[in-house]
Amino acid sequence: MFLESLEKKIEEVKEDLLKMGSLLQEQIHNADLALFNKDLDLAREVIRKEDIIDQMHADIEEKALLLIALKQPMARDLRFIATALRFIIDMERMADHAEGIAKIAIRLHDQPYIKPLIDIPKMAKIAQEMVQIAMQSFIAGDVALAMSLVPLENEVDALYTTVYNDLVAFMTRDPSTIDQATSLLLVAGHLERIADRS
């Protein structure tokens, strides 16, 4: 009965992690879409939903700590719970990066972009995929799937370098672009950090 109860509680934590991961992917997607389409309402929705992510983080943390205190898990279960506690910290910080992109989308919404947004949306798409893979590999304990994140992270790094070089070239040629170029560099930086945390 005790073991069944522990396993049930761990399954509940897994379900909560999947819900948090799903919302995080949605936040990354919507922040990028708000930037691309200059959608103020969507950007504001991303900012509003940051509170939901924060609450999910707090709820999962409380469940996990209660499990440790009341069920005294051992070995594999304890490792899972300890890792879940770290995982939710990273997911909450990734959500902060999505919120940062949404805030930049609001700041830039009335400005024509100095160049078409091509590589930034690519970075966002890969970042979403990486969050999904990280979540699936953790829940399933699939090391091979987790290792598939490495080439994706390298791809994001390469795209970041391209964005950086392009925007620095714009700023060098035309100092009037510095403000926007710096903001777009921050967006690329947010996405690069999401990939790193994944």
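Bear in mind the structure is a predicted one, so any value in this text is a computation, not a measurement.

Draft legend 1. Local environment of the pattern of salt bridges. One pass over the structure, following the stated rule, counts ten salt bridges. The partner of Lys 49 in a salt bridge is Glu 26, with the nearest N and O atoms 2.7 Å apart. On the criterion of sequence distance, the pair formed by Lys 49 in helix α2 (residues 40-71) and Glu 26 in helix α1 (residues 2-37) is long-range, its members being 23 residues apart. Exposure remark for Lys 49: the relative accessible area of 15% places this residue in the buried category. By sharing partners, the salt bridges in this structure join Glu 26, Glu 45 and Lys 49 into a single network.

Draft legend 2. Expanded view of the packing of helix α4 (residues 119-140) against helix α7 (residues 178-197). Where α4 contacts α7, the two axes come as close as 9 Å, and the packing angle between them is 20°. As judged from the angle between their axes, α4 and α7 are roughly parallel. As for how α4 packs across α7, the hand of that crossing is left-handed. Facing α4, whose interface residues are Ile 120, Met 123, Ala 124, Ala 127, Met 130 and Val 131, α7 presents Leu 184, Val 187, Ala 188, Leu 191, Glu 192, Ile 194 and Ala 195.

Draft legend 3. Examining empty space enclosed by the protein more closely. For the coordinates displayed, the defined rule picks out one cavity of 30 Å³ or more. Space inside the largest cavity adds up to approximately 70 Å³. Forming the boundary of the largest cavity are Lys 115, Pro 116, Leu 117, Ile 118, Asp 119, Ile 120, Val 163, Asp 166, Leu 167 and Leu 184. Broken down by element, the residue count for the lining of the largest cavity peaks at three residues, all from helix α6 (residues 149-173).

Draft legend 4. Molecular detail of the environment of Arg 173. Position of Arg 173 relative to the elements: it lies in helix α6. Between the C-alpha atom of Arg 173 and that of Pro 151, which follows or precedes it by 22 residues, the distance is 33 Å.

Draft legend 5. The environment of Leu 186, seen in detail. One can find Leu 186 in helix α7. Residue Leu 186 is classed as partly exposed on the basis of its relative accessible area of 40%. Through-space distance from the C-alpha of Leu 186 to that of His 97 is 9.7 Å; in sequence the pair is 89 residues apart.

Draft legend 6. Main features of the nonpolar core. One finds Leu 17, Leu 24, Ile 28, Leu 35, Met 91, Ile 120 and Leu 191 to be the most contacted residues of the largest nonpolar core, which totals 61 residues. Counting residues per element, the ones that place at least two in this core are α1, α2, α3 (75-108), α4, α6 and α7. The biggest single contributor to this core is α3, with 15 residues. Sequence-distant contacts of Ile 120, that is, excluding residues within four places in its chain, are made with Asp 32, Leu 35, Val 163, Leu 184, Val 187 and Leu 191.

Parameters at a glance
- Residues numbered from 1 in each chain as written.
- Predicted model: local features only at pLDDT ≥ 70, side-chain atom pairs only at ≥ 80, totals over all residues.
- Heavy atoms only, no water.
- Salt bridge = Lys/Arg side-chain N within 4 Å of Asp/Glu carboxyl O.
- Helix = DSSP H or I, 4+ residues; strand = E, 2+ residues; numbered from the N terminus.
- Buried < 20%, exposed > 50% of the residue type's maximum accessible area, 1.4 Å probe, protein only.
- Axes fitted to C-alpha atoms, helices over the stretch in contact; angles between N-to-C directions.
- Parallel < 35°, antiparallel > 145°, perpendicular 65-115°, else oblique.
- Left-handed = near helix turned anticlockwise from the far one by under 90°.
- Contact = heavy atoms within 4.5 Å.
- 1 Å grid on protein atoms, 1.4 Å probe; cavity = no way out; pocket = protein on both sides within 12 Å on 5 of 7 lines; lining within 4 Å.
- Points joined across faces, edges and corners; volume = space filled by probe spheres on them.
- Core = buried A, V, L, I, M, F, W, Y, C linked by side-chain atoms within 4.5 Å.

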